[in-house]
Amino acid sequence: AAPGSRVEVILPKTCLYVESGGQVSDFGTITKTQNGEWEIRVDEIRKPAAGLLVHVGEVVRGIPRTGDIALARVDMQRRRDIMRNHTGTHLLHAELQRILGEHARQAGSSVTPDRLRFDFTHPEAISPADLEEVEAGVNRIILADRKVRIDKKSLSQAMAEGAMALFGEKYGEEVRTVSIGNDAEQPISYELCGGTHVENTGAIGLFLIVSEGSAAAGVRRIEAVTGRAA
């Protein structure tokens, strides 16, 4: 493929995340490892079938050929922005449940580098005082620099431990859990999640709510920013 060509690349393994669970796909590059004589800029990843990921992008230099030994790299600044927003989403969910009640459960989400959008079940608009307390509560957890722990375990064990699952989502026998809080205490947040997250909440930097409104009957929507965007 010549420079300027749009290409689709399949690799035996990849470090780039494919859009799932509301989190957008990673961007990155694929280069020839020996001398970097060619480079492909990846701006989309698709999953046309189970176990198959297709990297979509443009050749920016050189001539890549099938069978070349290649190196995939993630755009890490963009990935870190996404990680801050995804962990921020889990903290927002936990604070909404603490302040509004356990009925406030996730009904949809979007995690991008620029912002997070979180839909949740609640029958009425949130008062300014409650909204301010939610924002302050998330920032208190960020400033406490709590550990974010990721584990793989059986679905039955995770559910017995109280992990929160998304309604309507299908899970296999083994699941990935994301727990936020120090080891010696009850987790602040404990969810089944396949997304990318920061290692400690302090990496989020700052969490700011930018809007709250209705998404559907009985469903509210909050949009917020973290990190560099905040």
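Up top you'll find the structure we're talking about.
Residues numbered from 1 in each chain as written. Predicted model: local features only at pLDDT ≥ 70, side-chain atom pairs only at ≥ 80, totals over all residues. Heavy atoms only, no water.

A. Spotlight on the nonpolar core. Of all hydrophobic cores here, the largest spans 25 residues; its most connected members are L92, L96, F120, F207 and I222. Elements that contribute at least two residues to this core include exactly α1 (76-100), β7 (116-121), α2 (128-143), β9 (174-180), β11 (207-216) and β12 (219-226). In this structure I222 touches L92, L96, L116, R117, F118, F120, I126, L131, I209, S211 and E212, once residues within four positions along its chain are discounted. Among the nonpolar cores identified, the runner-up in size contains 13 residues, and L16, I30, V42 and I45 belong to it. (Core = buried A, V, L, I, M, F, W, Y, C linked by side-chain atoms within 4.5 Å. Buried < 20%, exposed > 50% of the residue type's maximum accessible area, 1.4 Å probe, protein only. Helix = DSSP H or I, 4+ residues; strand = E, 2+ residues; numbered from the N terminus. Contact = heavy atoms within 4.5 Å.)

B. Spotlight on the sheet that holds strand β10 (residues 189-192). As summarised here, the arrangement of the three strands in space is β8-β9-β10, forming an open sheet in which the pairing is antiparallel. A strand with exactly one partner marks an edge of an open sheet, and here the two such strands are β8 (148-154) and β10. Neighbour-to-neighbour, the strand axes of the sheet open up by a mean angle of 25 degrees, direction not taken into account. Relative to β10, β9 runs antiparallel, the two being bridged by four bridges. What sits directly across from I180, in β10, is S189. (Pairing = 2+ DSSP bridges. Axes fitted to C-alpha atoms, helices over the stretch in contact; angles between N-to-C directions.)

C. Expanded view of unusual backbone geometry. Residues other than glycine seldom take positive phi values, yet D145 does so here, at roughly 55 degrees. Within the secondary structure layout, D145 lies in the loop between α2 and β8.

D. Geometry of the packing of aromatic side chains. Taken as a whole and assessed by the stated rule, the structure comprises one aromatic pair. Look at F118 and F120: their rings are 6.1 Å apart centre to centre, the planes differ by 20 degrees, and that puts the pair in the stacked class. A single burial state applies to F118 and to F120, both of which are buried. If you follow R78 out to its NZ or CZ, it ends over the ring of F27, 3.6 Å from the centre. (Phe/Tyr/Trp six-rings, centres within 6.5 Å; stacked < 30°, edge-to-face > 60°. Lys NZ or Arg CZ within 6 Å of the ring centre and 35° of its normal.)

E. Highlighting the packing of α1 against α2. Taken N-terminus to C-terminus, the directions of α1 and α2 make an angle of 130 degrees; their axes are 9 Å apart at the nearest point. It follows that α1 is oblique to α2 by the angle criterion. You can see that α1 and α2 cross each other, and the crossing is right-handed. Contacts between α1 and α2 involve L91, L92, E95, L96, R98, I99 and L100 on the former and, on the latter, D130, E133, V134, G137, V138, R140, I141 and I142. Looking at the contact of α1 with α2 residue by residue, the classes come out as nine nonpolar, one polar and five charged. (Parallel < 35°, antiparallel > 145°, perpendicular 65-115°, else oblique. Left-handed = near helix turned anticlockwise from the far one by under 90°. Nonpolar A, V, L, I, M, F, W, Y, C, P; charged D, E, K, R; others polar.)

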